[in-house]
Amino acid sequence: VGTVTTRAGTGAASSQDGAADVATFYSPTGIAATTNGMLVLITDDAHHRVRRFLPQALYPFPPSLPPVPSYPPSAPPAPPMPPPTPPGTLITTLAGWSYGHADGTGTSARFYSPWDVALAPSGEFAFVVDYTYHVIRHIDVETAVVTTFAGSVGSAGGTDGVGASARFQYPS
């Protein structure tokens, strides 16, 4: 039996970017990580975004220091300070912002229900299933450029093909 630990998000239903302990997700439906765990992508279906997360466990915290005595000595001890948020623990929006279909860079790209994500082991690129529009999207992770890789917007089906000639029916 394992232990489940929340690594990102507060449990509130929203799409706030920020430190892992304050960021929120509305409907996270897909998750993929590089083989070394240095990069995690999460599809946020209801807010039509692909989010980026760099897990904080990969950054060592400084060793604990002994508590500094409080003055005057009769005062109660101050509560311990939490460790500082390590660099790179932010949840950020990699691509998408509102619903629709548009190839573009970062938040100028549009998805309609990005349902799942597959990430190259190197983390260089990802494929995202755009469920409602029946297409597969490609994201260059470094530049956040989103392009339609396969399928034709709004054309459902089950046809093998290359690029726009391929057809999917609610891919997941």
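Structural notes, computed from the coordinates.

Rules and cut-offs
- Residues numbered from 1 in each chain as written.
- Predicted model: local features only at pLDDT ≥ 70, side-chain atom pairs only at ≥ 80, totals over all residues.
- Heavy atoms only, no water.
- Phe/Tyr/Trp six-rings, centres within 6.5 Å; stacked < 30°, edge-to-face > 60°.
- Helix = DSSP H or I, 4+ residues; strand = E, 2+ residues; numbered from the N terminus.
- Buried < 20%, exposed > 50% of the residue type's maximum accessible area, 1.4 Å probe, protein only.
- 1 Å grid on protein atoms, 1.4 Å probe; cavity = no way out; pocket = protein on both sides within 12 Å on 5 of 7 lines; lining within 4 Å.
- Points joined across faces, edges and corners; volume = space filled by probe spheres on them.
- Nonpolar A, V, L, I, M, F, W, Y, C, P; charged D, E, K, R; others polar.
- Pairing = 2+ DSSP bridges.

Where two aromatic rings form a pair, the distance of their centres and the angle of their planes describe that pair. Under the criterion given, the structure shown has 6 aromatic pairs. Arranged with centres 5.2 Å apart and planes meeting at 40 degrees, the rings of Tyr 99 and Tyr 112 form a pair that is tilted. In this pair, Tyr 99 is assigned in the loop between β5 (90-95) and β6 (104-105) and Tyr 112 in the loop between β6 and β7 (114-119), connecting sequence segments 13 residues apart. Overall, Tyr 112 belongs to the partly exposed group, its relative accessible area being 29%. Look at Phe 125 and Phe 127: their rings are 5.6 Å apart centre to centre, the planes differ by 80 degrees, and that puts the pair in the edge-to-face class. Using a relative accessible area of 25% as the deciding quantity, one classes Phe 127 as partly exposed.

Turning next to the layout of surface pockets. In this structure, the second largest pocket occupies an estimated 180 Å³ of space. Contributing to the lining of the second largest pocket are Arg 7, Ala 8, Phe 25, Pro 28, Thr 29, Gly 30, Ile 31, Val 40, Ile 42 and Phe 53. Per-element tally for the lining of the second largest pocket: the top contributor is strand β2 (residues 28-33), with 4 residues. Partitioned by chemical class, the residues of the lining of the second largest pocket number 7 nonpolar, 2 polar and 1 charged.

Taken together, the 5 strands give an open sheet; going across it, the order is β1-β5-β4-β3-β2, and neighbouring strands pair in antiparallel fashion. On the outer flanks of this sheet lie β1 (18-19) and β2, each paired with one strand and no other. Here β1 pairs with β5 via 2 bridges, running antiparallel. Residue pairing across strands places Ala 19 opposite Leu 90, the latter belonging to β5.

Keep in mind that these numbers describe shape and distance, not what the molecule does.
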